[in-house]
Amino acid sequence: MKNILLLFDTDEYTTPFDILISYDAGFDIVVPYAKVTAESAITLTQDAMFPRGVKGVAHTTIFVGGKDDEEAKKILTNIKKTLFPPFEIAVIVDPRGGHTTASALVAKIEKLLVKNNYSLKGLKVVILAGTGQVGQLAAMICASEGAEVVITSRKKERAEKIVGELEKESGFKMKGVQASNDDEILESIKDADVVIATGKAGVCLVNKEMLGKLERCKVVADVNANPPLGIEGLELSSDGKEIVPGIYGLGALAVGDLKYKVEIAMLQAAKDAKKGIFDYKYAFNKAKEILDLK
Amino acid sequence: MKNILLLFDTDEYTTPFDILISYDAGFDIVVPYAKVTAESAITLTQDAMFPRGVKGVAHTTIFVGGKDDEEAKKILTNIKKTLFPPFEIAVIVDPRGGHTTASALVAKIEKLLVKNNYSLKGLKVVILAGTGQVGQLAAMICASEGAEVVITSRKKERAEKIVGELEKESGFKMKGVQASNDDEILESIKDADVVIATGKAGVCLVNKEMLGKLERCKVVADVNANPPLGIEGLELSSDGKEIVPGIYGLGALAVGDLKYKVEIAMLQAAKDAKKGIFDYKYAFNKAKEILDLK
Amino acid sequence: MKNILLLFDTDEYTTPFDILISYDAGFDIVVPYAKVTAESAITLTQDAMFPRGVKGVAHTTIFVGGKDDEEAKKILTNIKKTLFPPFEIAVIVDPRGGHTTASALVAKIEKLLVKNNYSLKGLKVVILAGTGQVGQLAAMICASEGAEVVITSRKKERAEKIVGELEKESGFKMKGVQASNDDEILESIKDADVVIATGKAGVCLVNKEMLGKLERCKVVADVNANPPLGIEGLELSSDGKEIVPGIYGLGALAVGDLKYKVEIAMLQAAKDAKKGIFDYKYAFNKAKEILDLK
């Protein structure tokens, strides 16, 4: 039977990215659905469960994608509510590549720490402008690895609201602080071991001078692919390069390379699986496996 | 050349059901079109007729589907008007599986009657709440088998309007009656040989007490897949089980199993055919063939 | 790796024509996008460039199609702006088959001229009602072959506006004249060597009497597929038939046959190419090659 992927995309146009990479991961057919909502996902899922019978449904996979990662979360919730044995379907969750990006990012950081005889466990990780999808997922992954996690936002309320949601979702404690100017940013990161910038393209969050004032920082990372990056001195291709004495940098290309491998592996695993959720948790374990961590 | 199916779906999202089952039936490629209307079907059909030449058009098939079976009927009319030799295309008509469901339903009833030394010919079939797609198609099929057909509706005018349309479409006489409460329902079915319930999910049309008062009833059937069913005592999996003395029941799963086989067979036949309409007429003959009837 | 075509279609429904012919040309998968605009084409292109890596992007192709050839032009402009080495993608441009039709049309005319010991070089070509896509493209192709080109329109301003745009785009001089009635049409074509009619379906532009008054005309052509054609006496299947003494005719079917071959060849070439634009220029060279011209 053909391995068929149903792409539930929140966007007006289903992204060629997810379609093309899914074919390359080995799916025979990708059926793209645009403008999928939490509500429409219910009927789409029901209609995917039965036509192929129990044997066939094992060859059907769902991919939840799109720019609207909040809606994607609700879509996943509704898919889970709709599926029941024995008509289960493996579901990939990776809106705009956020899950695989966050996973690759944290795995690369961990690898760099291990190389320098550290590990995330017990370290302080500050995620600057961390209220977006990648920031949130990186926060939960770092917390699950035993790190002390701080998320900053330009507004205190926003940071605290997101942290509240993440604590509920992950069961880990975190902290949300305001960092709307250089002083507040420096204050938030001065005793950080790891600084991750997940802000908007083209906004410099940490300049060289600030980097010089960090007391314990070992790794800085930025997944932004459009220069200037959020951390001065960091380059797109930085893959553990020492950007100031004792601080090693990770840029978008270094993360992207691993992200691609994780994504292909996750797609293939979901294709071969009969059920299960393939999201940042799966992706992070896969990323560590690829990097020979643990 | 690739066997390509164009799915003309009236819905906002093309249903994964039709897409998945079509791949499983052997089509190489399914091209889904959402929100197809009677009007847009004309251009879509024209554009499907010529690109592959006479040799190639034999490998192109159209599937008319969607929740709006009234629009689907108009789409079919316009497709037929548009096609001309030698650029004909085989067309499958099965909006929301209605044609294959009605066909499997009536074939299963016939099979059960034959097993008990009856046949539809000359028997009275009452289709409760029969003004929807499955009810209408079942009515025409039963009539074509020589049964005396009655369709009920909560409103007399609705029943008579539908019967008028079906008589015109099929050339067979039928009767439309009002059955909006227990008394009227009982009145409509008390001398029926076969009772088919095609009402809304979760509405009980015939209770046990009413079943006890039926004078000649041999078979009751319900294609509803969501309990409670329209006929009390009937189960989803009933496949000829005697639910009260002398009355045998058919539930949705028993019908669904045959429906699936008919659908696959119809898709494959249309795939291999150069032209022709594959609707409830084809489906009913196929269903009888599968059940070794006639 | 699978050869995947992304169809960027301006229409509400992606045309089955382009999808079916693309499969027949050998693409493994066609991914249709409807309602594509110049703006959305940017993101779609970006998302197509990266998921398969440098090796994979060579197996990705874009097809720009749809009824709105003006928007298609803008889409192409934006695709070109977005692509950069080494992530280039071969792009086919053929909205509603206009590029391949115009190319086949002019190649067939040239072939007919050559057979009668002429060539387009130096001849006067008048394109009646030539402000649509096929007329415009035929004008640029004829001009590139050294012909003196005149485009007519019912309104002088319209003719001159289009000619201005075409001169800018092609770098060749042309002339735009008004031809809104029989007298003006006759005036515009009386010393033409070649007359091409690209008007609306069912409007006769040149009647038999007018044909008799042409002083130097050698070829008349019309790509309209719906009779009555724009040139009286011409038939759909005319393939060089002498319709009045000394004037040879080309009808839509004769052009269409070559157009089909050109389209298949262009699709295959784009499939195998790593980059480049496949539009009327490529198509015309291919058409000449097929006809053994030059």
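Residues numbered from 1 in each chain as written. Chains lettered and ligands numbered in written order. Predicted model: local features only at pLDDT ≥ 70, side-chain atom pairs only at ≥ 80, totals over all residues. Heavy atoms only, no water.

Topic: the overall build of chain A
Per the secondary structure count, chain A includes eleven helices and twelve strands. Against the globule reference of 19 Å for 294 residues, chain A gives a C-alpha radius of gyration of 19 Å, in line with a compact fold. For chain A, buried positions account for 60% of its 294 residues. Restricting the contact set of chain A to residue pairs at least 6 apart, pairs at least 24 apart contribute 73%. (Helix = DSSP H or I, 4+ residues; strand = E, 2+ residues; numbered from the N terminus. Rg over C-alpha atoms; globule rule 2.2 N^0.38 Å. Buried < 20%, exposed > 50% of the residue type's maximum accessible area, 1.4 Å probe, protein only. Contact = heavy atoms within 4.5 Å.)

Here's the deal with helix α7 (residues 156-170) of chain A
All names here are of chain A. Compared with an ideal rise of 1.5 Å per residue, which puts 15 residues at 21 Å, α7 spans 21 Å between its outermost C-alpha atoms and is within 8% of the ideal. Taken together, the buried residues of α7 touch α6 (133-144), β6 (148-153) and β7 (175-178). At the C-terminal side of α7, glycine 171 shows a positive phi close to 80°. (Expected span 1.5 Å × (residues − 1).)

Thoughts on the environment of alanine 197 of chain C
Residues and elements named next belong to chain C. Tracing the backbone shows alanine 197 in strand β8 (residues 194-197). Accessibility expressed as a relative area gives 1% for alanine 197, which makes it buried. Sequence spacing of alanine 197 and isoleucine 127 is 70 residues, and the spatial spacing of their C-alpha atoms is 5.9 Å. Setting aside its immediate chain neighbours within four residues, alanine 197 contacts Leu128, Leu205, Ala221, Asp222, Val223 and Ile231.

Digging into the relation of the copies chain A and chain C
Placing chain A over chain C gives an RMSD of 0.0 Å and needs a rotation angle of 120°, together with 0.0 Å of translation along the axis. Such a combination of rotation and displacement between the chain copies is what one expects of a three-fold axis. When C-alpha positions in chain A are compared against the rotation axis, the closest is assigned to isoleucine 29 of chain A, at 4.8 Å. (Least-squares fit on C-alpha atoms with pLDDT ≥ 70 in both.)

Observations concerning the packing of helix α5 (residues 98-115) of chain A against helix α11 (residues 280-290) of chain A
All names here are of chain A. Contact geometry for α5 and α11: axes closest at 8 Å, N-to-C directions at 40°. When the axes of α5 and α11 are compared, the pair comes out oblique. At the point where α5 passes α11, the crossing takes the right-handed sense. Between α5 and α11, the residues in contact are His99, Thr100, Ser103, Ala104, Val106 and Ala107 and Tyr280, Ala283, Phe284, Ala287 and Lys288, respectively. Partitioning the contact of α5 with α11 into residue classes produces seven nonpolar, three polar and one charged. (Axes fitted to C-alpha atoms, helices over the stretch in contact; angles between N-to-C directions. Parallel < 35°, antiparallel > 145°, perpendicular 65-115°, else oblique. Left-handed = near helix turned anticlockwise from the far one by under 90°. Nonpolar A, V, L, I, M, F, W, Y, C, P; charged D, E, K, R; others polar.)

A few points about the interface of chain A and chain C
Across the boundary between the two partners, chain A contributes 15 residues, which contact 19 residues of chain C. Each partner contributes to the roughly 1400 Å² buried at the junction of chain A and chain C, and carbon and sulfur atoms together form 65% of this total. Taken together, the links from chain A to chain C amount to two salt bridges. With a closest N to O distance of 3.2 Å, arginine 96 of chain A and aspartate 47 of chain C form a salt bridge. Across the chain A-chain C interface, the total number found is eight residue pairs in polar contact (both at pLDDT 80 or more). (Buried area = accessible area lost by both parts, 1.4 Å probe. Salt bridge = Lys/Arg side-chain N within 4 Å of Asp/Glu carboxyl O. Polar contact = N/O pair within 3.5 Å; in protein donor to acceptor, adjacent residues only side chain to side chain.)

Describing the packing of helix α1 (residues 16-24) of chain A against helix α10 (residues 252-272) of chain A
Residues and elements named next belong to chain A. Here α1 crosses α10 at 65°, and the two axes come no closer than 9 Å. Compared by their axis directions, α1 and α10 come out roughly perpendicular. Viewed along their axes, α1 and α10 form a crossing whose handedness is right-handed. Here Phe17, Asp18, Ile21, Ser22 and Asp24 of α1 lie close against α10, whose contacting residues are Lys259, Tyr260, Glu263, Ile264 and Leu267. Taken together, the residues that form the contact of α1 with α10 break down as five nonpolar, one polar and four charged.

Some remarks on the domain arrangement of chain A
Residues and elements named next belong to chain A. Examined at the domain level, chain A breaks down into domain 1 (4-97 + 259-290) and domain 2 (100-255). The distance between the C-alpha centroids of domain 1 and domain 2 comes to 28 Å. Counting residues at the interface gives 14 residues for domain 1 and 14 residues for domain 2. Surface buried jointly by domain 1 and domain 2 totals about 1300 Å² across both partners, of which 56% is contributed by carbon and sulfur atoms. Of the charged contacts in the structure, one is a salt bridge between glutamate 169 and lysine 73, with a shortest N-O distance of 3.6 Å. (Domains from an automatic or database assignment.)

Some points on the sheet that holds strand β6 (residues 148-153) of chain C
All names here are of chain C. Pairing in this open sheet of seven strands is mixed, and the strands run β7-β6-β5-β8-β9-β11-β10 from one edge to the other. Two strands in the sheet have a free side with no partner beyond their single neighbour: β7 (175-178) and β10 (239-244). Taken over all neighbouring pairs, the strand axes of this sheet differ in orientation by 25° on average, direction set aside. The pairing of strand β9 (residues 219-222) with strand β11 (residues 247-250) spans three bridges and is classified as parallel. Following the sheet pairing, alanine 221 is matched in β11 by leucine 250. (Pairing = 2+ DSSP bridges.)

Some words on the environment of valine 93 of chain A
With respect to the helices and strands, the residue valine 93 of chain A is situated in strand β4 (residues 90-93). A sequence separation of 185 residues divides valine 93 of chain A from phenylalanine 278 of chain A, and the C-alpha atoms of the two residues are 6.0 Å apart.

Regarding the interface of chain A and chain B
Counting from both sides, the interface comprises 19 residues of chain A and, opposite them, 15 residues of chain B. The contact between chain A and chain B buries some 1400 Å² in all, and 65% of this surface belongs to carbon and sulfur atoms. Considering only the surface of chain A that becomes buried against chain B, Tyr33, Asp47 and Pro51 of chain A emerge as the three largest contributors, covering 37% of it. At the junction of chain A with chain B, the criterion picks out two salt bridges. Of all the secondary structure elements, the ones that give two or more residues to the side of chain A that touches chain B are β1 (4-9), β2 (29-33) and α2 (38-49) of chain A. No other element matches the four residues that α2 of chain A contributes to the side of chain A that touches chain B. The class makeup of the residues in the side of chain A that touches chain B is twelve nonpolar, three polar and four charged.

A word on the sheet that holds strand β10 (residues 239-244) of chain A
Residue and element names in this part refer to chain A. The seven strands lie next to each other as β7-β6-β5-β8-β9-β11-β10, forming an open sheet whose pairing is mixed. Unpaired on one side and paired on the other, β7 and β10 mark the two borders of the sheet. Averaged over all neighbouring strand pairs, the angle between strand axes comes to 25°, with direction disregarded. With four bridges joining them, strand β5 (residues 124-128) and strand β8 (residues 194-197) adopt parallel strand pairing. Looking at β8, one finds that leucine 128 is bridged to alanine 197.

A few points about the UniProt feature "domain: Methylene-tetrahydromethanopterin dehydrogenase N-terminal" (unreviewed entry) in chain A
Under the UniProt annotation, the feature "domain: Methylene-tetrahydromethanopterin dehydrogenase N-terminal" (unreviewed entry) is placed at residues 16-95 of chain A. Taken end to end, residues 16-95 of chain A is 50% helix and 19% strand, and its first and last C-alpha atoms sit 13 Å apart. (UniProt positions renumbered as here; feature names shortened; annotations may be inferred.)

Examining the packing of aromatic side chains
On inspection of all chains with the given rule, the structure shows 15 aromatic pairs over all chains. Centre to centre, the rings of phenylalanine 8 of chain C and tyrosine 33 of chain C are 6.1 Å apart; their planes meet at 85°, and the pair counts as edge-to-face. In this pair, phenylalanine 8 of chain C sits in strand β1 (residues 4-9) while tyrosine 33 of chain C sits in strand β2 (residues 29-33), placing the two residues 25 residues apart along the sequence. The two residues phenylalanine 8 of chain C and tyrosine 33 of chain C agree in class, both being buried. Members of the aromatic cluster, each reached through a chain of ring pairs, are Phe50, Phe84 and Phe87 of chain A. (Phe/Tyr/Trp six-rings, centres within 6.5 Å; stacked < 30°, edge-to-face > 60°.)

As for the pattern of salt bridges
Summed over the entire model, instances satisfying the criterion amount to 63 salt bridges over all chains. A salt bridge links glutamate 263 of chain A to lysine 259 of chain A, with the nearest nitrogen and oxygen atoms 2.6 Å apart. Residue glutamate 263 of chain A and its partner lysine 259 of chain A are located together in helix α10, separated by four residues, close to a single helical turn. The two residues glutamate 263 of chain A and lysine 259 of chain A agree in class, both being buried. Across the salt bridge formed by lysine 288 of chain B and glutamate 145 of chain B, the nearest N and O atoms sit 3.3 Å from each other.

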